[in-house]
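Chain by chain, the residues run as shown.
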Amino acid sequence: MDLKTATALRRLRLVSAPEAISFLLLLVCSVLKRTTEFNAVPVMGMVHGVLFILYVIFWADAWNRTKWPVKTGALYFVLSVLPTGGFFADRKLRREAEDAVIASRARQEGTVSA
């Protein structure tokens, strides 16, 4: 894995958890808006919207660089629209990045000829 691909995956990981948190907070704010006088939906909506757009941009960049199969790319996109999906995406991306680092080191040491 080259440096640009690793960077694309890292950016996607860095935005996935905050995007999931903002989605959950937006849901809480929506409930509070309907049950109390508290209305933070416009603010949380904008925060979540910006983070979601960043996630989609970083997802497209990572998909382009890693050459994921359609199934994997679609999985990461679906995880972005589920309320807690960003946490699962972060975990899967962390494992994928760690596996890539291990494979890269093995190739450098000559242990693997892939």
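Conventions we followed
Residues numbered from 1 in each chain as written. Predicted model: local features only at pLDDT ≥ 70, side-chain atom pairs only at ≥ 80, totals over all residues. Heavy atoms only, no water. UniProt positions renumbered as here; feature names shortened; annotations may be inferred. Helix = DSSP H or I, 4+ residues; strand = E, 2+ residues; numbered from the N terminus. Axes fitted to C-alpha atoms, helices over the stretch in contact; angles between N-to-C directions. Parallel < 35°, antiparallel > 145°, perpendicular 65-115°, else oblique. Left-handed = near helix turned anticlockwise from the far one by under 90°. Contact = heavy atoms within 4.5 Å. Nonpolar A, V, L, I, M, F, W, Y, C, P; charged D, E, K, R; others polar. Phe/Tyr/Trp six-rings, centres within 6.5 Å; stacked < 30°, edge-to-face > 60°. Buried < 20%, exposed > 50% of the residue type's maximum accessible area, 1.4 Å probe, protein only.

### A word on the UniProt feature "domain: DUF3817" (unreviewed entry) in the protein chain
Consideration 1: Those places that UniProt annotates as "domain: DUF3817" (unreviewed entry) correspond, in this numbering, to residues 9-95.
Consideration 2: From the first C-alpha to the last, residues 9-95 spans 11 Å; its make-up is 87% helix and 0% strand.

### Quick look at the UniProt feature "transmembrane region" (unreviewed entry) in the protein chain
Consideration 1: The positions UniProt marks with the feature "transmembrane region" (unreviewed entry) are residues 39-60 and 72-89.
Consideration 2: Taken as a whole, residues 39-60 contains 91% helix and 0% strand, while its terminal C-alpha atoms sit 33 Å from one another.
Consideration 3: Secondary structure across residues 72-89 divides into 83% helix and 0% strand, with the first and last C-alpha atoms of the span separated by 11 Å.

### Regarding the packing of helix H1 (residues 3-35) against helix H4 (residues 85-109)
Helices that pack against each other are described as a pair by the angle of their axes relative to one another and the distance between those axes.
Consideration 1: One can describe the packing of H1 onto H4 by two numbers: an axis separation of 8 Å at closest approach and a directional angle of 165°. Regarding the angle of H1 to H4, the classification is roughly antiparallel. Like other packed secondary-structure pairs, H1 and H4 cross with a definite hand, here left-handed. Between H1, through Leu-9, Leu-12, Arg-13, Ser-16, Ala-17, Ala-20, Ile-21 and Leu-24, and H4, the contact on the second element is made entirely by Gly-86, Phe-87, Ala-89, Asp-90, Leu-93, Arg-94 and Glu-96.
Consideration 2: Partitioned by chemical class, the residues of the contact of H1 with H4 number nine nonpolar, two polar and four charged.

### Digging into the packing of aromatic side chains
Consideration 1: Taken as a whole, this structure holds three aromatic pairs when the rule is applied.
Consideration 2: Ring geometry for Trp-59 and Trp-63: centres 5.0 Å apart, planes at 45°, overall tilted. Highlighted residues: Trp-59 and Trp-63, both in helix H2 (residues 41-66), separated by four residues, approximately one helical turn.
Consideration 3: A relative accessible area of 27% means that Trp-63 is categorised as partly exposed.
Consideration 4: With a centroid separation of 5.1 Å and an interplanar angle of 50°, the aromatic rings of Trp-59 and Phe-77 are classed as tilted. One end of the pair, Trp-59, is in helix H2; the other, Phe-77, is in helix H3 (residues 70-81), and 18 residues separate them in sequence.
Consideration 5: You can call Phe-77 partly exposed: its relative accessible area is 31%.
Consideration 6: Grouped by ring-pair contacts, the aromatic residues Trp-59, Trp-63 and Phe-77 constitute a single cluster.

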